[in-house]
Amino acid sequence: DQQVKQNSPSLSVQEGRISILNCDYTNSMFDYFLWYKKYPAEGPTFLISISSIKDKNEDGRFTVFLNKSAKHLSLHIVPSQPGDSAVYFCAASDSWGKLQFGAGTQVVVTP
Amino acid sequence: SAVISQKPSRDICQRGTSLTIQCQVDSQVTMMFWYRQQPGQSLTLIATANQGSEATYESGFVIDKFPISRPNLTFSTLTVSNMSPEDSSIYLCSVEGPSRVDGYTFGSGTRLTVV
């Protein structure tokens, strides 16, 4: 049972434009949401998180928005850079610290 | 955040054999997590390892297949036993950050191919 879903397997965006990645979840017990970036042959790298009591968190070019009523979160990357080309995973954590991951979205930033 | 050294980085193994993956953390951590990423799929939690107690396995994973050791607060091993080609995956260990807002740190992964 997939409790965290990323319905877009891929996203192509022009350099300098905004990348918007979406994620939906089903479990109301999740209280932290995280985004990870993964390059081939490397482990996932933590990007940004948001607590379930907030609706927005910003860190440099990365902003995460949380809509609890819709059980939806999104990651905005502005401006997109070639180095942002990677697979992005949405993840959700419960109070036990276990992470559940979405299927990932492959982002390609084109010149 | 913690730095994790995971090895081996990759291996090709014969079916029926076992492989032990090691993770060394540069600081003491209470919990360590082991994940699997099958080809083209997302990361799935295998088990949570606490020092001094038996690991807690997620549904679909059993101790006989994936025995875990946690001898101290900076080290853990995961063994993939009696391997079959279906075990070909990337295996990763992970630890929690200083606080939940800091996220989790992952090792670089072990790419296992079973032939």
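Refer to the preceding data block for the structure.
This one's a predicted model, so the numbers in the text were calculated from it and none came from an experiment.

Definitions and limits used
- Residues numbered from 1 in each chain as written.
- Chains lettered and ligands numbered in written order.
- Predicted model: local features only at pLDDT ≥ 70, side-chain atom pairs only at ≥ 80, totals over all residues.
- Heavy atoms only, no water.
- Phe/Tyr/Trp six-rings, centres within 6.5 Å; stacked < 30°, edge-to-face > 60°.
- Helix = DSSP H or I, 4+ residues; strand = E, 2+ residues; numbered from the N terminus.
- Buried < 20%, exposed > 50% of the residue type's maximum accessible area, 1.4 Å probe, protein only.

**What to know about the packing of aromatic side chains**
Aromatic ring pairs are defined here through the distance separating the ring centres and the angle between the ring planes.
Part 1 of the reasoning: For the structure on display, the rule yields 13 aromatic pairs over all chains.
Part 2 of the reasoning: Between Tyr36 of chain A and Phe46 of chain A, the ring centres sit 5.8 Å apart and the planes meet at 65°, which makes this aromatic pair edge-to-face. With Tyr36 of chain A in strand S4 (residues 32-38) and Phe46 of chain A in strand S5 (residues 45-51), the pair connects residues that are ten residues apart, well separated along the chain.
Part 3 of the reasoning: For Tyr36 of chain A, a relative accessible area of 0% puts it in the buried group.
Part 4 of the reasoning: Judged by its relative accessible area of 25%, Phe46 of chain A falls in the partly exposed class.
Part 5 of the reasoning: Look at Phe66 of chain B and Tyr91 of chain B: their rings are 6.4 Å apart centre to centre, the planes differ by 45°, and that puts the pair in the tilted class. Of the two residues, Phe66 of chain B sits in the loop between strand S6 (56-57) and strand S7 (68-72) while Tyr91 of chain B sits in strand S9 (residues 89-96), which places them 25 residues apart along the sequence.

**What to know about unusual backbone geometry**
Glycine aside, a negative phi is what most residues show, and trans is what most peptide bonds show.
Part 1 of the reasoning: That bond from Val78 of chain A to Pro79 of chain A is cis: its omega, -15°, falls within 30 degrees of zero.
Part 2 of the reasoning: Cis peptide bonds are those with omega within 30 degrees of zero, and the linkage from Lys7 of chain B to Pro8 of chain B qualifies with 0°.
Part 3 of the reasoning: Considering the arrangement of structural elements, one finds Pro8 of chain B in the loop between strand S1 (4-7) and strand S2 (10-13).
Part 4 of the reasoning: Even without a glycine there, the phi angle at Ala41 of chain A is positive, about 65°.
Part 5 of the reasoning: In this fold, Ala41 of chain A is placed in the loop between S4 and S5.
Part 6 of the reasoning: The phi dihedral of Lys71 of chain A falls on the positive side, at around 50°, and the residue is not glycine.
Part 7 of the reasoning: Inspection of the secondary structure puts Lys71 of chain A in the loop between strand S7 (62-67) and strand S8 (72-77).

None of this, on its own, says anything about what the molecule does.
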